[in-house]
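Here are the chains, one letter per residue:
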Amino acid sequence: MNPSLWTEILSLSLQHLQLVGITIAIASALALPASVLLARRPTGRRWVLGFTNIAQTVPSLALFGFLLPFIGIGQPTAIVALTLYALLPIVRNTLTGILGVDPAVRESALAMGMTPRQILWQVELPLAIPSIVAGLRIATVTTIGTATIAAFIGAGGLGVFLVRGIAMMDKQALLAGALPAAAMALAADEGLEWIERKLSPA
Amino acid sequence: MPPILEIRDVSCELGGRPILRRVDLTVEEGETVVLLGRSGSGKTTLLKTINGLVPATSGEIRFEGRAAAQWDSVAMRRRMGYVIQDAGLFPHWTVEANIGLVPRLEKWEPARVAARVETLLDAVGLPAAEFRHRYPRELSGGQRQRVGIARALGADPPLLLFDEPFASLDPITRYELQRQFLDLRRSVRKTALFVTHDVREALLLASRIVLLHDGALELVATPEEFLAAKTPEARAFLASLEQSGRPN
């Protein structure tokens, strides 16, 4: 392998990480507060979960294609699409965590004179943390994989190698894209699992 | 001084089904009133209308001489300790944090909270040095329930509400906790409402027994009067007692 391939792997990996990082940051910023609001609103919950479910079923390549006429080619389109995919696991896990708090615990919190806000911050969210981090973990790992497809719409990242490898039937290029992406996904999975364990309240 | 708790003509419906039918009850300071009834008699609902977890459909509840509607519900609940079956402790907090909850909510100084926690652990028979830093999952069922009682006593509320607190304990632990309850009542002289379906427990703990049947009060009696009562539900409970031997 020539040294320029290594530099390319490095720079595309960084681009890939950037794509994933921005996506997860935006998805969390939207999904976490939304889930907290939805935890007390069953009707809104059904709508939002329905929407995120549908977003999830659209094949990623098709979603990129749909967004192209509106946002154009490049990173922004990729980030919008990837964010849509990342919403569901975060929303679903956060809701599961909050709603999964033992009703007896919630009832005693209320009966002891805690306000709904105190119950949310001091009881429900701390108890939901393992589930929330698990959601972030799923979202991150799937985004790392899905982001490879973003290269097809010119968003860069490790998918660039895959596009090239497929077009030119070049095994080395395919591996140069697939192996770092897999390593990244495994590292993210391990790292977030570690955080999940550290933050588990009990 | 007005009675600590007055329940006047309280009815409650849930989903169109009547749960409580025109209940009247006055509780004086220092009493232990046991709400006795079989499952579905409305005794737990009656308890929950008092701290507002279940809204009464009609009628009036007055606590410390003030109508419930005039109370801020959060402030009112902090003056009513609440103990439920399996304690409902916060699993992510230590024993100390659980017991100190209401004092913290009431913004006590940390040192005062710590001292209070120690006093309360002592009062429920758990050595503070050994237990204050434990988590609920590191306690037995009986110990959890003791912590639940200590938590309810946290900021020294004038009224304590108990919802079948000992129902899931083994018979020996239950008996120990009942003894503890009586000791506590002697030492802290609190007013308590205690829900149970166990007639022995009612006879052992009550200064007055309130018998509920199908959402209505059938009988209000001292334990001695209850033993001689002739109403149908009282006889049913007493018959169950004779089947299994007299208490104590």
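Just so you know, the residues in each chain are numbered from 1, in the order the chain's sequence is written. Throughout, the order in which chains and ligands are written sets their labels, letters from A for the former and numbers from 1 for the latter. Only residues with pLDDT of at least 70 are given local features in this predicted model, and only at 80 or more are side-chain atom pairs given and counted; all residues enter the totals for whole chains, interfaces and linings.

Examining the overall build of chain B
Strands here mean DSSP runs of E at least two residues long; helices mean DSSP runs of H or I at least four residues long; both are numbered from the N terminus. In terms of helices and strands, chain B carries 11 helices and 10 strands. By the compact-globule yardstick of 18 Å for 248 residues, chain B fits well, its C-alpha radius of gyration being 18 Å. In this scheme every C-beta is placed from the backbone, and a residue whose C-beta has 20 or more other C-beta atoms within 10 Å is buried, one with 12 or fewer is exposed, and one in between is partly exposed. Taken over 248 residues, chain B has a buried fraction of 44%. Contacts here follow a simple rule: the backbone-placed C-beta atoms of the two residues must lie within 7 Å. For chain B, contacts bridging at least 24 residues in sequence account for 68% of all contacts bridging at least 6. The reference for a compact globule is 2.2 Å times residues^0.38; the radius of gyration itself is calculated from the C-alpha atoms.

Structural notes on the packing of helix H2 (residues 42-57) of chain A against helix H4 (residues 75-99) of chain A
When two helices pack together, you describe them by how their axes are tilted relative to each other and by the distance separating the axes. All names here are of chain A. Axis geometry follows a simple rule: fit a line to the C-alpha atoms, using only the stretch in contact for helices, then measure angles between N-to-C directions, giving values from 0 to 180 degrees. The geometry of H2 relative to H4 is characterised by a closest axis approach of 8 Å and an angle of 140° between their N-to-C directions. As judged from the angle between their axes, H2 and H4 are oblique. Crossing of H2 against H4: the hand is left-handed. Packed against H2, whose contacting residues are Arg45, Val48, Leu49, Thr52, Asn53, Ala55 and Gln56, the element H4 presents Leu84, Tyr85, Leu87, Leu88, Val91, Arg92 and Leu95 at the interface. Charged residues are taken to be Asp, Glu, Lys and Arg, nonpolar residues to be Ala, Val, Leu, Ile, Met, Phe, Trp, Tyr, Cys and Pro, and polar residues to be all remaining types, Gly included. Looking at side-chain class alone, the contact of H2 with H4 contains nine nonpolar, three polar and two charged residues. What sets the label is the angle itself: under 35 degrees gives roughly parallel, over 145 gives roughly antiparallel, 65 to 115 gives roughly perpendicular, and the rest give oblique. Left-handed describes a crossing whose near helix is turned anticlockwise from the far helix through less than a right angle; right-handed describes the clockwise counterpart.

Observations regarding the sheet that holds strand S2 (residues 17-27) of chain B
Residue and element names in this part refer to chain B. Strand pairing requires that DSSP identify at least two bridges connecting the strands. Strand order in the open sheet formed by four strands is S2-S1-S4-S5, and the pairing between neighbours is antiparallel. If you trace the sheet from one side to the other, it starts and ends with S2 and strand S5 (66-67), each paired once. Pairing of strand S1 (residues 5-14) with strand S4 (residues 58-63) involves five bridges; the strand directions are antiparallel. If you follow isoleucine 7 over to S4, its bridge partner there is isoleucine 61.

Regarding the interface of chain B and chain A
Bring the parts together and some accessible area is lost; that lost area is often taken as the interface size. Across the contact, 17 residues belong to chain B and 15 residues belong to chain A. Of all the secondary-structure elements, those providing two or more residues to the side of chain B that touches chain A are helix H2 (73-77), strand S6 (80-84) and helix H4 (101-105) of chain B. Among the elements that take part in the side of chain B that touches chain A, H4(B) stands out by supplying three residues, more than any other.

Some details on the pairing of strand S8 (residues 191-196) of chain B
Two faces make up the sheet, and in a regular strand the side chains alternate between them. Residue and element names in this part refer to chain B. For S8, a buried count of six out of six residues is recorded, marking the element as mostly surrounded by other parts of the structure. Of the two faces of S8, both are covered, the one formed by Thr191, Leu193 and Val195 as well as the one formed by Ala192, Phe194 and Thr196. Of the strand pairs in this sheet, strand S3 (residues 32-36) and S8 are connected by five bridges, and their pairing is parallel. What sits directly across from leucine 36, in S8, is threonine 196. By convention, orient the strands away from the viewer: a clockwise path from the first strand over the helix to the second makes the crossover right-handed. In this view, the connection linking strand S7 (residues 159-163) to its parallel neighbour S8 by way of helix H8 (residues 171-188) has right-handed handedness.

Some points on the nonpolar core
Residues enter a nonpolar core if they are buried, belong to Ala, Val, Leu, Ile, Met, Phe, Trp, Tyr or Cys, and are joined to the set through C-beta atoms within 7 Å. Among the nonpolar cores identified, the biggest contains 123 residues, and Ala78(A), Val34(B), Leu35(B), Leu36(B), Leu161(B), Leu193(B) and Val210(B) are the most heavily contacted of them. Take this core: its biggest share by element is 13 residues, from H4(A). In contact with Leu35(B), other than residues within four places in its own chain, are Lys43(B), Leu46(B), Leu47(B), Leu193(B), Phe194(B), Val195(B), Val210(B) and Leu212(B).

Points about unusual backbone geometry
Residue and element names in this part refer to chain B. At alanine 87, a position not held by glycine, the phi torsion is positive, near 70°. Following the sequence through the fold, alanine 87 ends up in the loop between S6 and helix H3 (95-99). Phi at lysine 107 is positive, roughly 60°, even though this residue is not glycine. Locating lysine 107 in the fold gives a position in the loop between H4 and helix H5 (110-123).

A short note on the environment of Trp6(A)
Residue and element names in this part refer to chain A. Following the sequence through the fold, tryptophan 6 ends up in helix H1 (residues 3-38). By the C-beta count within 10 Å, which is 11 here, tryptophan 6 ends up exposed. For the pair tryptophan 6 and glycine 191, spaced 185 residues apart in the sequence, the C-alpha separation amounts to 25 Å.

Concerning the environment of Trp108(B)
Residue and element names in this part refer to chain B. Mapped onto the elements of the fold, tryptophan 108 is located in the loop between H4 and H5. We classify tryptophan 108 as partly exposed; it has 17 C-beta atoms within 10 Å. Taking C-alpha positions, tryptophan 108 is 25 Å from arginine 66, a pair spaced 42 residues apart along the chain.

Considering the packing of H1(A) against H4(A)
All names here are of chain A. Axis separation between H1 and H4 bottoms out at 7 Å; the angle between their running directions is 40°. In terms of orientation, H1 lies oblique with respect to H4. Of the two possible hands of crossing, H1 and H4 adopt the one that is right-handed. Looking at the contact of H1 with H4 residue by residue, the class counts come to 18 nonpolar, six polar and no charged.

Structural notes on the pairing of S1(B)
Pairing geometry for S1(B) and S2(B), over seven bridges, is antiparallel. By the bridge assignment for S2(B), Leu14(B) is matched with Arg17(B).

As for helix H1 (residues 43-50) of chain B
In terms of burial, H1(B) is a largely internal element, eight of the eight residues being buried. Among all positions of H1(B), only Lys43(B), Thr44(B), Thr45(B), Leu46(B), Leu47(B), Lys48(B), Thr49(B) and Ile50(B) are buried.

Remarks on the sheet that holds S6(B)
All names here are of chain B. The sheet built from six strands is open, its strands ordered S6-S7-S8-S3-S9-S10 with mixed pairing. Only two strands of the sheet have a single neighbouring strand rather than two, namely S6 and strand S10 (216-221). The average undirected angle you get between the axes of adjacent strands in this sheet is 15°. In this sheet, S8 lies alongside S7 in parallel orientation, the contact comprising five bridges. Paired with leucine 159 across the strands is threonine 191, a residue of S8. Each of S3, S7, S8 and strand S9 (208-213) touches H1; the most contacted strand, S8, lies at about 150° to it.

Some points on the environment of Ser187(B)
All names here are of chain B. The residue serine 187 is located in helix H8 in this model. We classify serine 187 as exposed; it has 9 C-beta atoms within 10 Å. Distance from serine 187 to alanine 123, taken between C-alpha atoms, is 8.7 Å for residues 64 residues apart in sequence.

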